Structures are given as C-alpha cells and as structure tokens.
Amino acid sequence: MKNSILTFLLLLSASMFGQMYNPVKWSASVEKISDKEYILKAKAVIQSGWHLYGQYIEEGGPSPTAFTFKNTPKKFELVGKTTEEKGHETIDKIFDMKIKYFEDKAVFTQKIKLISDVSSITADVDFMVCDDSNCLPPTTEELTFNIPADKKLASAEETPAVKKDSAVAEDVTFVKAVDKPEKTAVNPVKKEESRGLLSIFIIAFLSGFAALLTPCVFPMIPMTVSYFTKQSKTKAAGIRNAMIYGFSIVIIYVLLGSIVTAVFGADSLNALSTNVWFNLIFFILLVVFACSFLGAFEIMLPNALANKVDSQADRGGLIGIFFMALALAIVSFSCTGPIVGTLLVEAASKGGIAPIVGMLGFSIAIALPFSLFAAFPGWLNALPKSGGWLNTVKVVLGFLELALAFKFLSNADLVLQLHWLEREVFLAIWIAVFGALAFYLFGKITLPHDSPLNHISVGRLSFGLIVLTFTIYLIPGLWGAPLKLISGFPPPMHYSESPDGLGAKNTAETTKAALPEGAEYGPQNIITFHDYNKGMEFAKKAGKPVLLDFTGYACVNCRKMEELVWSDAKVLGVLNNDVVLISLYVDDKKELPESEQYVSETTGKKIKTIGNKWSDLQIKTYKANAQPFYVIVDHASNSLTETSAYNPDIEEYYNWLQSGIKNFKK
C-alpha cells in the first residue's frame, strides 16, 4: 500500500514538471466604520490543492504571510495587529513546530484611523504557498485599498493586487483581474484524499476480518447460516435471506459512520486531528478498549436494548431480517465495539467521508462470510472449532489497541511541545508492549479469560516470532536508528533526547574530507556548492556531471527529500561520489552587488538578490518555478535526462540519477 501511494505521488509530480504556477489571487477592499476609522480587508483566493501560510510562524519555519503598510508621510495609524481567519494548524515534522495555513481562501483585516485625508492606502504582502509536491519561492504583491469618498458605511469595490518580485520595491507589474483561475496540474490534494480513503477502506476491511475471529462473532456464523438454510423453504430462498442479512449488516455500520460524519461535520473531523483534547480523550478511550480486550472487563450495551431488538427479529420478512442483523451488532458489541471505535477515531483524523468509508469496509468483511457460507453451506465443515484461540485473537487486538493509544498521546505532546513523550520514551513503551505480546504468544503470560495452554500451535509460535523480531527491530531506535518501517508513528528524530543519535556528531566529524574551494557541507554531509560557476568549475576538474538542486530554506518538501531520500545508502553514495551537487536557494535574501543586478528578460523584474538570480535561472531555462526541482547537466549546462521534482520513491529517484550519469559517460 505504501509503495503504491509513493508511486502514485511520483507519477503525479512527474506530470507537473515544467509548469509555471500562480495559485493565489489577491484583492483589497475597505469597510468604513466611522468618519476616521476603517477596516482594510485583504482577501486571498487560493487554488484548490495549494495552501497559504499564516502570519505568526516561529523563526526557522516556512516564510509567514506579512503585511507592510506604506505610511510615509504619516497619514494614518494602525489600530492593533493585522488579524486573520482561523485556518488549519498542524505539527510539521520537518520544522518541529506548529504551523498555521489556509486553503481555498483567506481574509486578513487591519483596523486603521485616519490622521489626514487620503484617497488610498498601499501595502506590500509577503507570502509563500505550497502544495503536497511543490513550494513556490516567497513572493511580494502590492495591494491598494481605495478609501471611499462618501460618508456612508459601505465596502469599497475590490481591487486586484499588484504583483512584484519578492525583493523589488521599485518595479511594479499590474496583474489583470481574471474570472477563472489559471489551468494548473492535477490537484494532488484531491488525488491524495482518494488514496487516503482507499487506505481507510482496506484497513477497515482487514479489521472486519479480525473482528470475525473474536469469541463474540465467530460462533455466530454457523448458527446464523444454519438458521437461514433450515427456515427457508428452498435453498435459493435461504441464500437470498442470508444475502439480505449481510446487506443489513452493511447498512447498520454505514449508518453509524454517516451519523458520526453528520454530527461532527466532514471538515471539522480533520481539524480535530491536531487538537490536544481530541488526542487525549482518544488516548484514554483506546486504553479502555485495550483493557477490555485484555480481559479486565466487558464493554456491553444495555440488556434491555438487546432484548427489545431481538424481539423485533421475530416479526419475519425483511424487517425481521434487518433486526436480526441489528441484534448481531448489539450482542457482539463487546468484541466489535473497540475495533469500530478505533476505526472511527482513525477515520475522524482523516476527515471528510472517511468514517463512512471505514464502516463500509468493516461491514463488508463482517457480512461477507454469512452470505458465502449460506450459498455454500458445505464450507461450514472446514471452519475451525470455537475455542481458546478466539480469546487469543482478542488479546492480540488489545495489545495493538494499547500501542496505537500512545500515538494519540504523542500527538498531544507534540502539539504542546512538552517533551514528555520524546522519541526514546515512545519507543521504550512500544518495545515493552510488543515484548509483552511476544511473551504472551509464547505462553509465558496468561490473562483472565485464557484457557489452559499445554502447548502452542505452529501458527501461534510463528506469529510470536514475528512480533519478537519486530520488538528487536525497535531497540536500535533508542540510539538513533531511523526505523523507516514505522515512519510517522513515533515522534520525529529531532524530537528526541539525542536528535543526531548517540555518537553521530563525532562520526560525522571524522568522516569529513577536505573541502574544495567555494564548497561546504550540506544535507547528509554531502559536499555542496551554492555558487553555480564555482560548482561547474569543480565538476570540470573532477570529470563528473552536475546535479542542480533548486531549493529553498523554507521549502518543506526539500527537507523531506534530503532526510528521507538522500539518506538512503545507494542515493547517498551517488551524491557523494558520482555527481557534483550545486544547491541554489531561490529564497536567499542576500543582495547582489550593484554591478550584477539586472532586469529579467523572462519576467521583466529587477533581479536584486541571490535568490532572485537562481529563481530567474530556473524560470528562464526550465520554465518552472517550484521547488524542489532537480536537473542533471554536463559541463556545458546541457540537460542529460528529464528533470525531476519531489519524488519520495527512493528506487525511482536512484534510477533517475543513474540515467543522467550514464548519459554523461556516453
């Protein structure tokens, strides 16, 4: 599943190479609240799939949105700070901080008080936008707020923004207002949402099969199928009734998912995923579920409800069959409830219709055996007999619930930045949980509802060995191992007592070689040039091709590539030995010497900073302005293969590097 999603993202990013993006349209309006006081409103319309960062982001993160009101000579005064809408907040693992962003639209307001008459007020807005695959360089636009001349409380007509280079204050290019957004690449967020829903469906489907193997559900299969086949006049009628029974199970659970979505709202569910209280409540909830599965107590719905529903099942016909399905859901709640609850929690963090999709997958897995065994009753003879193994399945699910609970507690700790549940503590807890599970499977630990165990089966032994292997795999993570197999579950490496791993600093220092002139150590201690000419000169002497890395200091996906892809041994070997890396930062604010400043032939903007220069090079040469962006070139700056962008598939990225190197050697 993970590989398929990565492949999908690769294909999607490949479809966007060579495109120019302009995903944000700004407009300005004014609302009068008294003779001297006005509200200035700046509205950003954001193309679907892109997001705009908020104003208040700590230093070291992506570039925040910032407003600079031009007030020389002083004709007005600002009343309070510029405010913004609620937006979305998330913990970014690359920057290790809480980051606020906006989707679709954002409105910023600033209250002012006039000191003297003024017809308009101008302001520069600096901003940065990203999608799931690209980050654009920080950009500045000039907004004009026309102050209404009449004395009525009214909003002025919106005026289109004036766009200019992020480092240029003099050169202004007016942007025509457009009715429709420019055509862009396929929306990666919507595509990723569909993939996310598919993942939820598959996980829920497998969870449904796990629920089948619990003491509350498994014995019901032969009983229910026998009832339908014996009570029906013909075999066809028995099959039909069992199919209706299975379909009723699907309706009941999908209805539950629909209610959750309707009560909480499709969009608000996703916003809850980084909410501290949401994560704390569900941590407690999952611990309760785990204790129930481990045998501490049973979670039961009121008996009166079960009896009332069961009495309705005697009515016969379609209504009777439906109530039989409802009775199954209620009677088996002590086993299915914790699984359903966990699925709804996970689906809630995805938002949208994920709870409905999750319940659809879960219910299909529950209903499928009843329909299949009704159609082929002879298969019932092949079913294993009920016994102590059913409780073993339940206990295993309890351990898994307990491990998952600490993921929610970790989310709350990350949001609050308490550093109580750092990476080492989280991994120690998981090692203890899965170690205890391994001992349980080997029969060294027994729990309240376990049957006497004289020996363990080959299947139980095999599964115990798998769990023990996984537990041993986790242990090096305490000393800084990346543990890519569970990437995304434990806190990130930098949220740790030893962010670089024990001894990592000393190792890095001893392996560093003498630096060529103009080079420095970059990500993963790769020798990197930030000056194009010096890098090309060194490449000629070394006889190696050049990897141009158009990047940015505030580029999230650039950091992901450097930490997750460049760290791979094969890729790192190529970057260290087979190419010369030139990293060109398009958001470098250092000013060029006056003699090197120029007006771009492509955009007509004045190029004043180093970042402007590299951004102009990317736009002019490759007709692209998004980062990360990679090009392999020879010593005459000719491209040796197609360009590449954000590509989390290590094997694909490695093969892309090799193709460029192979063409260089021809």
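Residues numbered from 1 in each chain as written. Predicted model: local features only at pLDDT ≥ 70, side-chain atom pairs only at ≥ 80, totals over all residues. Heavy atoms only, no water.

(A) Layout of the environment of L294. Within the element layout of this structure, L294 appears in helix α6 (residues 276–294). As a C-alpha pair, L294 and T392 span 98 residues in sequence and 9.3 Å in three-dimensional space. Setting aside residues no more than four positions away along its own chain, L294 makes contact with V395, G398, F399, L447 and P448. (Helix = DSSP H or I, 4+ residues; strand = E, 2+ residues; numbered from the N terminus. Contact = heavy atoms within 4.5 Å.)

(B) Seen up close, the confidence of the model for the protein. Chain-level pLDDT for the protein is 75 on average; 70% of the residues reach the 70-or-more range. Within the model, pLDDT remains below 50 along residues 151–159, and this stretch shows 22 contacts once partners closer than five positions in the same chain are excluded. (pLDDT = per-residue confidence, 0-100.)

(C) Layout of the pattern of salt bridges. With the rule as written, the count across this model stands at nine salt bridges. For D124, the salt bridge identified is with K70, shortest N-O distance 3.5 Å. Of this pair, D124 sits in strand β9 (residues 120–127) while K70 sits in the loop between β4 (66–69) and β5 (76–84), and the two are 54 residues apart along the sequence. Overall, the relative accessible area of 12% leaves D124 in the buried class. Between K620 and E601 there is a salt bridge; the shortest N-O distance is 3.7 Å. (Salt bridge = Lys/Arg side-chain N within 4 Å of Asp/Glu carboxyl O. Buried < 20%, exposed > 50% of the residue type's maximum accessible area, 1.4 Å probe, protein only.)

(D) Fine view of the sheet that holds strand β18 (residues 580–585). Strand order in this open sheet of five strands is β15-β16-β18-β17-β21, and the pairing throughout is mixed. Where the open sheet ends on each side, the last strands, each with one partner, are β15 (519–521) and β21 (629–633). Taken pair by pair, the neighbouring strands of this sheet meet at an average axis angle of 35°, ignoring direction. Pairing geometry for strand β17 (residues 546–551) and β18, over six bridges, is parallel. Bridging across to β18, T551 finds its partner in Y585. On the sheet, helix α15 (residues 532–542) packs against β16 (527–529), β17 and β18 and is oriented at approximately 175° with respect to β18. (Pairing = 2+ DSSP bridges. Axes fitted to C-alpha atoms, helices over the stretch in contact; angles between N-to-C directions.)

(E) Highlighting a nonpolar patch on the surface. A cluster of nonpolar side chains, namely L461, L465, L468, I472, I475 and W479, defines an oily patch on the protein surface of about 530 Å² accessible area. Summarising the element assignment, I475 is placed in the loop between α13 (458–474) and α14 (504–511). I475 sits in the partly exposed class, given a relative accessible area of 33%. (Patch = residues over 30% accessible without salt bridge, like charges linked within 9 Å, V, L, I, M, F, W, Y side chains within 5 Å. Areas by Shrake-Rupley, 256 points an atom, 1.4 Å probe, with all protein chains shown as cover.)

(F) Representation of the packing of helix α12 (residues 423–441) against α13 in the model. One can describe the packing of α12 onto α13 by two numbers: an axis separation of 8 Å at closest approach and a directional angle of 160°. If you check the angle between α12 and α13, you find them roughly antiparallel. You can see that α12 and α13 cross each other, and the crossing is left-handed. Contacts from W430, I431, F434, G435, L437, A438, Y440 and L441 of α12 reach α13 at R460, F463, G464, V467, L468, F470, T471 and L474. Here the contact of α12 with α13 is composed, by residue class, of 12 nonpolar, three polar and one charged. (Parallel < 35°, antiparallel > 145°, perpendicular 65-115°, else oblique. Left-handed = near helix turned anticlockwise from the far one by under 90°. Nonpolar A, V, L, I, M, F, W, Y, C, P; charged D, E, K, R; others polar.)

(G) Inspection of unusual backbone geometry at higher detail. Positioned with a positive phi, D104 is a non-glycine residue whose angle comes to about 70°. Take D104: it is sitting in the loop between β7 (97–103) and β8 (105–114). Unlike most non-glycine residues, S637 shows phi in positive territory, near 70°. Counting through the fold element by element, S637 comes out in the loop between β21 and α19 (650–665). The partly exposed category is assigned to S637, whose relative accessible area is 31%.

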